[in-house]
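Structure at a glance
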Amino acid sequence: MDWQPPSVDVELRTLLKDHLIPGDFVDLSNSRGVAYNPAPFALAPKQTPYLTYGRRHKLVKDNRVIQYTPFPVNTRGFFYYRQHPRVAEGGSIRFRVMQTNDPTQFMRGQDLLNEYGTPWEIPLISVATNARYEAIKELLEFEGAVSRKLFARCEMLAGSIGHQNIGPMTQVIYETGEPFYLDLGSPDLAIWIAAKDMLCKMTVRDIFKLWQKTLTRAINYDGGILRCALAVYGPHNDSIGLMCQRIIEPVQVKSTLPRHMNGFALPPVPARLVRTPQGAVRKLFVHNLRQGSEQARETLLQRHRDRYDIRHSANTGAASSDQHRDSR
């Protein structure tokens, strides 16, 4: 049997940061959490509501196996619900790392990051659609943090992808500029774009393989992990590309494929947009056969325009570039 980290009971009395008390402080060091709602109205969970730090995909005898990891040492603080500043369904459960159990010092803490440097979080869409998190869903509704109407919208978005599941570690993107990671060794691992009426799938293969209609499914990389963000660019701000913010693990180019092949995007460079062999920025969501690609593009561009207008109306000066910004 695979080794599993020790479990720590996590009493979720509240997920509203303004209602936290010292007793809500939890130490998850070298362990995983098991969430429960202590309220008398709470239902018994249908599945064990594990709260796990991360997971890795590794090959064991040519089979890809998921390996879960415990929370790191000194993971002490509070679970809370974080509302997305602009997209209602973009809320998530996060963990605020604190040096004290005093909730009045909440703003001095920092949100826990995963091993790739992006925020550790459970997307609201996952909470809405996974039986494992019924207790969290029930608590959010009871506290008025999330309405039934919003949960219904989350369920509608999740339903747009059929039998595929939005799990607790699934990456969902709502706006350009939000950081996410790409594992070049897992070319079909999905990142989901939350469009107006559906979720649109994006994979490493979609980004780096330029000719989607070719017979080969190969991409030009054996491995490497990147921290990235989608970015709006172009003279009319009407195109979306991929900004490589940081290389977390070195990029491994395949030795069995010609490195000059025009069918693949060039290797990523930190603080630069990914480009084609001809030097042009690799446009995303264009000439893509995936369902919802055009809606994803239009939604991201519209949210970018809305955010740009909001910043100007507030007299905050010129809009900062998506390429150098972390909205999450």
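This text gives an overview of the structure that appears in the document. The structure displayed is predicted, hence computed values, not measured ones.

1. Points about helix 2 (residues 134-142)
Within helix 2, the full set of buried residues consists of Ala135, Ile136, Lys137, Leu139 and Leu140. Glycine 144 lies just past helix 2 and shows a positive phi near 80 degrees.

2. Section: the nonpolar core
Ranked by internal contacts, the top residues of the largest apolar core, which has 39 residues, are Leu15, Phe79, Ile93, Leu124, Ile125, Val127 and Leu140. Mapped by element, the contributors of at least two residues to this core are strand 7 (76-82), strand 8 (92-97), helix 1 (124-129), helix 2, helix 3 (148-159) and strand 13 (191-194). Looking at this core element by element, the count peaks at five residues for helix 3. Setting aside chain neighbours within four positions, we find isoleucine 93 in contact with Leu15, Phe79, Tyr80, Tyr81, Trp120, Glu121, Ile122, Val127, Ile136 and Leu140. Formed by 28 residues, the second largest nonpolar core is a distinct cluster that contains Met202, Ile219, Tyr221 and Leu230.

3. Describing helix 3
Taking 1.5 Å of rise per residue, the twelve residues of helix 3 would be expected to cover 16 Å, and the 16 Å separating its terminal C-alpha atoms lies within 8% of that figure. If you check which residues of helix 3 are buried, you get Leu150, Phe151, Cys154, Leu157 and Ala158. One face of helix 3 carries all of its buried residues, which in axial projection span an arc of 115 degrees. Those residues of helix 3 that are exposed and angled more than 90 degrees off the buried face are Arg148, Lys149 and Gly159. Where the residues of helix 3 are buried, they touch helix 1, helix 2 and strand 14 (199-202).

4. A look at the sheet that holds strand 1 (residues 7-11)
Pairing is mixed in the open sheet, where three strands are placed in the order 1-3-4. The open sheet terminates on both sides in strands that have one partner only, identified here as strand 1 and strand 4 (50-51). Across five bridges, strand 1 lies against strand 3 (residues 32-36) in parallel orientation. Among the inter-strand pairings, aspartate 9 is bridged to a residue of strand 3, identified as valine 34.

5. Looking at unusual backbone geometry
Negative phi values dominate among residues other than glycine, just as trans dominates among peptide bonds. Positive phi, close to 70 degrees, is recorded for asparagine 74, a residue that is not glycine. Checked against the element boundaries, asparagine 74 lands in the loop between strand 6 (63-69) and strand 7. We classify asparagine 74 as partly exposed; its relative accessible area is 46%.

6. So, the pairing of strand 3
The element strand 3 is extensively covered by neighbouring structure, given that four of its five residues are classed as buried. Sheet analysis places strand 3 next to strand 4, joined by two bridges and oriented antiparallel. Paired with glycine 33 across the strands is leucine 51, a residue of strand 4.

7. Some points on the sheet that holds strand 17 (residues 272-273)
One open sheet holds the four strands; their spatial order is 12-15-16-17, and the pairing between them is antiparallel. Because the sheet does not close on itself, it has two edges, and the strands there are strand 12 (180-183) and strand 17. Pairing of strand 12 with strand 15 (residues 221-233), which is carried by four bridges, proceeds in the antiparallel orientation. The partner of phenylalanine 180 across the bridge, within strand 15, is cysteine 228.

Conventions we followed
Here the residue numbering is sequential within each chain, running from 1 through the sequence in written order. Since the coordinates come from a predicted model, pLDDT governs what is reported: local features require at least 70, and pairs of side-chain atoms require 80 or more to be given and counted, while whole-chain, interface and lining totals use all residues. To get the side-chain values, all heavy atoms of the structure are used, and hydrogens and water are removed first. Only protein chains enter the accessibility calculation, which uses a 1.4 Å probe. A residue is then buried if its area is under 20% of the maximum for its type, exposed if over 50%, and partly exposed in between. Secondary structure follows DSSP: runs of H or I at least 4 residues long count as helices, runs of E at least 2 residues long count as strands, and numbering of each begins at the N terminus. Put simply, a nonpolar core is a bunch of buried Ala, Val, Leu, Ile, Met, Phe, Trp, Tyr and Cys residues held in one set by side-chain atoms that sit within 4.5 Å of each other. Any two residues having at least one pair of non-hydrogen atoms within 4.5 Å are treated as being in contact. A helix's residues, less one, multiplied by 1.5 Å, set its expected span. When we speak of the arc, we mean the arc of directions from the helix axis to the C-beta atoms. The criterion for strand pairing is that DSSP finds at least two bridges linking the strands in question.

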